[in-house]
Amino acid sequence: MAFVHLDVRHFCTLLICTTFVSVPSNAEIKVNPPEDFEIVDPGYLGYLSLQWQRPLFLDNFQDCPIEYELKYRNIGSKYWKTIITKNLHYKDGFDLNKGVEAKIHTLVPAQCTNGLEVRSSWSEATYWTSPRGNEDTKVREMDCVYYNWQHLLCSWKPGVSAHLVTNYQLFYWFEGLKYAIQCPDYIKANGKNTGCRFPHLESSDYKDFYICVNGSSESHPIQPSYFIFQLQNIVKPLPPEYLSLTVENSEEVNLRWSMPKGPIPAKCFIYEIEFTEDDTTWVVRTLHLFGKNTTTVENEIQITRTSNESKKLCFLVRSKINMYCSDDGLWSEWSDEQCWKGDKWKETVVFFLIPFAFISLFVLVITCLLLYNQRALLKTIFHAKKEVFSHQETFF
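Bear in mind that the values here come from a model prediction, so they are computed numbers and not experimental data.

Basis of the calculations
- Residues numbered from 1 in each chain as written.
- Predicted model: local features only at pLDDT ≥ 70, side-chain atom pairs only at ≥ 80, totals over all residues.
- Heavy atoms only, no water.
- Helix = DSSP H or I, 4+ residues; strand = E, 2+ residues; numbered from the N terminus.
- Buried < 20%, exposed > 50% of the residue type's maximum accessible area, 1.4 Å probe, protein only.
- Areas by Shrake-Rupley, 256 points an atom, 1.4 Å probe, with all protein chains shown as cover.
- Salt bridge = Lys/Arg side-chain N within 4 Å of Asp/Glu carboxyl O.
- Pairing = 2+ DSSP bridges.
- Disulfide = S-S within 2.5 Å.
- Phe/Tyr/Trp six-rings, centres within 6.5 Å; stacked < 30°, edge-to-face > 60°.
- Lys NZ or Arg CZ within 6 Å of the ring centre and 35° of its normal.
- Contact = heavy atoms within 4.5 Å.
- Polar contact = N/O pair within 3.5 Å; in protein donor to acceptor, adjacent residues only side chain to side chain.
- Core = buried A, V, L, I, M, F, W, Y, C linked by side-chain atoms within 4.5 Å.
- Domains from an automatic or database assignment.

Bringing the overall build of the protein chain into the picture now. Secondary structure summary: the protein chain contains two helices and 27 strands in total. Burial status across the protein chain gives 36% buried among its 396 residues. Surface accessibility of the protein chain: about 25300 Å² in total, with carbon and sulfur atoms responsible for 57%.

Moving on, we come to the pattern of salt bridges. Taken as a whole, this structure holds 13 salt bridges when the rule is applied. With a shortest N-O distance of 3.7 Å, Glu-135 and Lys-138 are connected by a salt bridge. Judged by its relative accessible area of 14%, Lys-138 is buried. One network of salt bridges, with partners in common, ties together Glu-69, Lys-71, Glu-117 and Arg-119.

For the rest of this paragraph, the subject is the sheet that holds strand E16 (residues 225-229). Strands sit in the order E12-E11-E15-E16 across an open sheet of four strands; the sheet is antiparallel. Two strands lie at the open edges of the sheet, namely strand E12 (181-182) and E16, each paired on one side alone. In this structure, strand E15 (residues 209-216) lies alongside E16, joined through five bridges in antiparallel fashion. Paired with Val-213 across the strands is Ser-225, a residue of E16.

Moving on, we get to the state of the cysteines. Tallied over the entire structure, the rule returns five disulfides. Residue pairing for Cys-314: its cysteine sulfur links by disulfide to Cys-339, the two sulfurs lying 1.9 Å apart. What sets the handedness of the Cys-314 and Cys-339 disulfide is the S-S torsion sign, and at about 110 degrees it is right-handed. Of the two residues, Cys-314 is situated in strand E26 (residues 312-321) and Cys-339 in strand E27 (residues 338-341); the sequence distance between them amounts to 25 residues. Here the cysteine-cysteine linkages of the protein chain are recorded as 1-2, 3-4, 5-6, 7-9, 8-10, numbering only bonded cysteines and doing so in sequence order.

Side-chain alternation along strand E25 (residues 300-304) places Ile-301 and Ile-303 on a buried face and Glu-300, Gln-302 and Thr-304 on a face that remains uncovered. Of the strand pairs in this sheet, strand E19 (residues 252-257) and E25 are connected by five bridges, and their pairing is antiparallel. Within E25, the residue paired with Leu-255 across the bridge is Ile-301.

The geometry of an aromatic ring pair is captured by two quantities: the separation of the ring centres and the angle between the planes. In the structure shown here, the tally under the stated rule is 17 aromatic pairs. Residues Phe-198 and Phe-209 carry aromatic rings whose centres are separated by 6.0 Å and whose planes lie at 70 degrees to one another, so their mutual orientation is edge-to-face. Here Phe-198, found in the loop between strand E14 (192-197) and E15, pairs with Phe-209, found in strand E15; they are eleven residues apart in sequence, far enough to count as distant. Assigned by exposure class, Phe-198 and Phe-209 land together as buried. Ring-pair connections join several aromatic residues into one group, and the members of that group are Tyr-172, Phe-174, Phe-198, Phe-209 and Phe-229. One cation-aromatic arrangement involves Lys-103 over Trp-122; the distance from NZ or CZ to the ring centre is 4.9 Å.

What follows concerns the side chain of Ser-120. Looking at the secondary structure, you find Ser-120 in the loop between strand E7 (118-119) and strand E8 (123-127). Leave out the neighbours within four places in its chain, and Ser-120 touches Val-31, Asn-32, Pro-33, Pro-34, His-105 and Thr-106.

Strand order in the open sheet made by the five strands is E13-E14-E10-E9-E17, with mixed pairing throughout. What marks the edges here is a single partner per strand, and that holds for strand E13 (186-189) and strand E17 (235-236). Alignment of strand E9 (residues 140-147) against E17, held across two bridges, turns out to be parallel. The residue of E17 that forms the bridge with Tyr-147 is Lys-236.

Time to look at the side chain of Lys-71. The topology assignment puts Lys-71 in strand E3 (residues 67-74). What makes Lys-71 buried here is its relative accessible area of 19%. Engagement of the side chain of Lys-71 in a polar contact is seen with the side chain of Thr-82, the distance being 3.0 Å.

Note that soluble globular proteins tend to have their nonpolar side chains buried in a common cluster. Formed by 44 residues in total, the largest nonpolar core has its most connected members in Leu-152, Leu-170, Phe-198, Phe-209, Ile-211 and Leu-255. Built from parts of two domains, this core gets at least three residues from each of domain 2 (135-235) and domain 3 (238-345). Residues within four places of Leu-152 in sequence aside, it is in contact with Cys-144, Val-145, Tyr-146, Cys-196, Arg-197, Phe-198, Leu-201, Phe-209, Leu-231 and Ile-234.

Structural data, given as structure tokens:
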């Protein structure tokens, strides 16, 4: 028992010594932050490059996979974006209406430092576009719509304090272009640019689209405005052209419509239906409304009438890109209205009966006149013959 007790004491002593010896070993391991950390603007209207060089004095970690933890955001944003990379650069889009801040440090993995990950201090960088012009000189009410996933059109209004001689220019860029391009076809009002018609934009979907609208004025500088969006999220499709409404029985109504024309796949549409039964209207906005299917990705639905004595049923449809093809979108205009009238057969009867009645009356009147004239003629002939006969009797 004494030997066992002694071995246990020696084991505990050895464990404690090992622990205290290893701690200062890890505590002494340090690594420097990345060198020459900077935010570079290549002229892509908000698509910036964050780049850096390897830390100094990494000789002791030549066989270690060194990584970098990068955090970045627009100044004023609540949250940081974080990535961990082995590269010496990283690119992303930013809102250049605001400043940009970023920080980075070096990570040495635990397998290279006796089980504890080692991090360097932070290296920080900021970026601002060159200050120019008053805030009130920026364009107002910028609005961009990608019509039918084919034609992009943007419009704006001049800044509040912009002089009458101020004119604006639009530049755009997306990944795949070598450089930012100026609008080739401006929309003008009173000789000034108020919008842009874009050319065909090939391979521009599902990627950030950057726009800068700046200006020129002889009297004062104009502050540029920057915008970032993705084209599929601002699509405004066409409405369906052909609608049909069929009353299948006393309760069920079948509504059908054609797919909107254009390049948008059928699977990308969602529809909104406005259905009117006499004086009651239901607007299609959710999957189910009072038990009725009111929003659908198909181009046909069944609706139950509230009364089988309805006199008039009408509906119209509009379309939008659904959540499977975009994060957002714009509703199309409403289609033309399609209606069904319950008393249509009566109208048809009246439509035919009234002309028939007039024609019949006209024929009757003509017939009566002819008969009257014929009777008068026969009466005249009869009297004439009678007089001739009377003269003959007197002669004899």
